[in-house]
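Coordinate analysis (summary)
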Amino acid sequence: MKGVAVLGSTGSIGVSTLDVLARHPERYRVVTLTANTGVDKLYEQCLQFRPQYVAMADEASASALAQRLKSKGLRIEVDSGVAGLKSAAAHPDVDDVMAAIVGAAGLAPTLAAVRKGKRILLANKEALVVAGDLFMQEVTQHGAEVLPIDSEHNAVFQCMPENFRDGLARVGVERILLTASGGPFRTKPLAELESVTPEQACAHPNWDMGRKISVDSASMMNKGLEVIEARWLFDAKPDQIQVVVHPQSVIHSMVEYADGSVLAQLGNPDMRTPIAHALAWPERHGSGVGSLNLFDVARLDFEEPDTERFPCLRLAYEAVTAGGVAPAVLNAANEVAVERFLDGSISFPSIPRVIEQTLEKVTNGDEQSLEGLMAADREARGVAEQQVAARV
Ligand code: NDP
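The paragraphs below set out a description of the structure included in this document. (Residues numbered from 1 in each chain as written. Predicted model: local features only at pLDDT ≥ 70, side-chain atom pairs only at ≥ 80, totals over all residues. Heavy atoms only, no water.)

1. Overview of the site of the ligand
Within the structure, the ligand sits among 25 residues, and Thr 10, Asn 36, Thr 37, Gly 38 and Glu 126 are positioned closest to it. One of the backbone N or O atoms of Ser 12 is found 2.9 Å from an oxygen atom in the ligand. Of all the secondary structure elements, the ones that give two or more residues to the shell around the ligand are helix 1 (12–22) and helix 6 (125–141). The class makeup of the residues in the shell around the ligand is 12 nonpolar, 10 polar and 3 charged. (Near = heavy atom within 4 Å. Polar contact = N/O pair within 3.5 Å; in protein donor to acceptor, adjacent residues only side chain to side chain. Helix = DSSP H or I, 4+ residues; strand = E, 2+ residues; numbered from the N terminus. Nonpolar A, V, L, I, M, F, W, Y, C, P; charged D, E, K, R; others polar.)

Here it is as structure tokens:
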């Protein structure tokens, strides 16, 4: 039986992961869970899954949870802060770690699991955007394993030959075709984007996700972050990664080979499929997702992405091509801008403006140590907040 840690268990991916785990009690045991402030949800999960250890980033929330577990007579160890999250990830009884904390906050706990040689089921794409080079080096150094959870990267993984780590050219892979739904504003008149609300941005046509990734999908920064994620997961050059807008979200991505073959992975848009795939790999087991009805889907459409409508996609390609700390700066500025859009401080089209100005103001360098990347992240957050303030 495998021991599993679910980092970010109270979020959209976390809840879907627990749903899949609960379908296979003979195969998996939930050992650790983590959250930030969601005491009620984590308490309910503790009652259902009886983990050994839980951690909350927020100290006051951890105390409140510990109190409630104690009065219920549950003997579950509760810890807090980044140290607690790292312990949950690196716990000795854990084999597989679902890395599903949102944002750069997921990097340190996920790296802690990498350093213990765990199998990482990686949903937290921001970890690779901020520190892709360092992260993949540590994976190799510590004999860890990374299986992608992002539906696109999981699809690419499924379409790759087993030995893709020998190098894409050697195994005959020409291009990765990352599909994108285009989000809720794909066809909205540009002039109307200035007044869209957070609720409209979070109403994704095909996927039900957390608020940050929903806004990223609406701006297509999500696809930009995924281009950077794919660059590191598959050791691909940015110009080998083509984004294809595919509004139905049925093809989750494709791999093109030197002989002209294009392999695709299809399925209903439900994250339990890639989660179950990565949990069971190299075997397969059920996920709770229904069978794909191609007669209902009826047609598959494809469009080129419009970088005038979605400047975030252009900014992400520029950042990954520039290298150095630029992707970390891009990510930090995006996290600030999305949060400020969600709290009503800036308009939707201000998101790329804040990011572009932050990228211009923070000097790029080739620093790749964790400390250096974190310093760039902090500086970028400060500069991005200044750009937000200048717009309010
Ligand atoms: P949610 O916002 O739904 O959940 C985020 C989780 O992270 C929650 O458990 C939250 O705890 C926790 N969390 C938030 N901030 C912190 C922090 N500072 N320290 C520790 N924990 C924190 O996000 P999603 O589940 O949508 O996304 C999670 C990750 O997976 C993201 O990186 C996203 O890009 C990626 N992903 C998501 C997909 C989806 O369909 N949702 C698809 C592909 C990738 P609390 O509840 O207490 O706030």
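Don't stop here, the text continues.
2. Quick word on the layout of surface pockets
Where empty space is left can be seen by rolling a probe of water-molecule size over the atoms. Reported here for the second largest pocket is a volume of approximately 360 Å³. Lining the second largest pocket we find 17 residues, and of these Met 136, Arg 165, Trp 232, Leu 233 and Asp 235 sit closest to its centre. Its residues assigned to classes, the lining of the second largest pocket comprises 11 nonpolar, 2 polar and 4 charged. (1 Å grid on protein atoms, 1.4 Å probe; cavity = no way out; pocket = protein on both sides within 12 Å on 5 of 7 lines; lining within 4 Å. Points joined across faces, edges and corners; volume = space filled by probe spheres on them.)

3. A closer look at the pairing of strand 7 (residues 145–148)
Each regular strand carries side chains that alternate between the two faces of the sheet. Taken together, the 4 bridges between strand 6 (residues 119–122) and strand 7 define a ladder with parallel strand orientation. When the sheet's bridge partners are listed, Ile 120 is paired in strand 7 with Val 146. The parallel pair strand 6 and strand 7, bridged by helix 6, forms a crossover whose chirality is right-handed. (Pairing = 2+ DSSP bridges. Right-handed = clockwise from strand over helix to strand, strands pointing away.)

4. Observations regarding the packing of aromatic side chains
Geometry of an aromatic ring pair is reported as the spacing of the ring centres plus the angle between the planes. All chains considered together, the criterion is met by 5 aromatic pairs. Taking the centre distance of 5.5 Å and the plane angle of 70° together, the rings of Phe 157 and Trp 281 count as edge-to-face. Pair noted here: Phe 157 is in helix 7 (residues 151–159) and Trp 281 is in the loop between helix 11 (272–280) and helix 12 (294–297), with a separation of 124 residues, a long-range link. For Phe 157, a relative accessible area of 10% puts it in the buried group. Residue class for Trp 281 comes out partly exposed when judged on its relative accessible area of 25%. When the centroid spacing of 5.6 Å and the interplanar angle of 65° are considered together, the rings of Phe 341 and Phe 348 count as edge-to-face. Neither Phe 341 nor Phe 348 differs from the other in exposure class; each is buried. Here the guanidinium or amino end of Arg 68 rests over the ring plane of Tyr 43, the centre of that ring lying 4.3 Å away. Against the face of Trp 232 rests Arg 231, its NZ or CZ located 3.8 Å from the ring centre. (Phe/Tyr/Trp six-rings, centres within 6.5 Å; stacked < 30°, edge-to-face > 60°. Buried < 20%, exposed > 50% of the residue type's maximum accessible area, 1.4 Å probe, protein only. Lys NZ or Arg CZ within 6 Å of the ring centre and 35° of its normal.)

5. A closer look at the state of the cysteines
Disulfides are covalent bonds that connect the sulfur atoms of two cysteines. According to the stated counting rule, one finds 0 disulfides in the structure shown. Counting only cysteine sulfurs, Cys 202 is the nearest neighbor of Cys 312, a cysteine outside any disulfide, at a range of 15 Å. On the basis of relative accessible area, Cys 312 is assigned to the buried category, the value being 1%. (Disulfide = S-S within 2.5 Å.)

6. Re the sheet that holds strand 11 (residues 262–266)
In a beta sheet, neighbouring strands are held together by backbone hydrogen bonds and run either parallel or antiparallel to one another. Strands sit in the order 9-8-10-11 across an open sheet of 4 strands; the sheet is mixed. Of all strands in the sheet, those bounded by a partner on one side alone are strand 9 (241–245) and strand 11. In this sheet, neighbouring strand axes are inclined to one another by 20° on average, regardless of whether the strands run parallel or antiparallel. Here strand 10 (residues 251–257) pairs with strand 11 via 5 bridges, running antiparallel. Among the inter-strand pairings, Glu 256 is bridged to a residue of strand 11, identified as Val 262. (Axes fitted to C-alpha atoms, helices over the stretch in contact; angles between N-to-C directions.)

7. Here we look at the pattern of salt bridges
Going through the model one piece at a time under the given rule, you end up with 27 salt bridges. Note that Arg 314 and Glu 318 form a salt bridge whose closest N and O atoms lie 3.3 Å from each other. Of this pair, Arg 314 and Glu 318 both sit in helix 13 (residues 311–322), 4 residues apart, roughly one helical turn. Glu 318 sits in the partly exposed class, given a relative accessible area of 41%. Taken together, the shared-partner salt bridges in this structure form one network comprising Lys 125, Asp 150, Glu 152, Lys 223 and Glu 226. (Salt bridge = Lys/Arg side-chain N within 4 Å of Asp/Glu carboxyl O.)

8. A few points about helix 13
Along its 12 residues, helix 13 runs 16 Å from first to last C-alpha, staying within 8% of the 16 Å computed at 1.5 Å per residue. Those residues of helix 13 not exposed but buried are Pro 311, Cys 312, Leu 313, Leu 315, Ala 316, Ala 319 and Val 320. Buried residues belonging to helix 13 abut helix 9 (211–219), helix 10 (221–233), strand 9, helix 14 (326–342) and helix 15 (350–361). Phi for Gly 323, located one or two positions after helix 13, is positive at around 70°. (Expected span 1.5 Å × (residues − 1). Contact = heavy atoms within 4.5 Å.)

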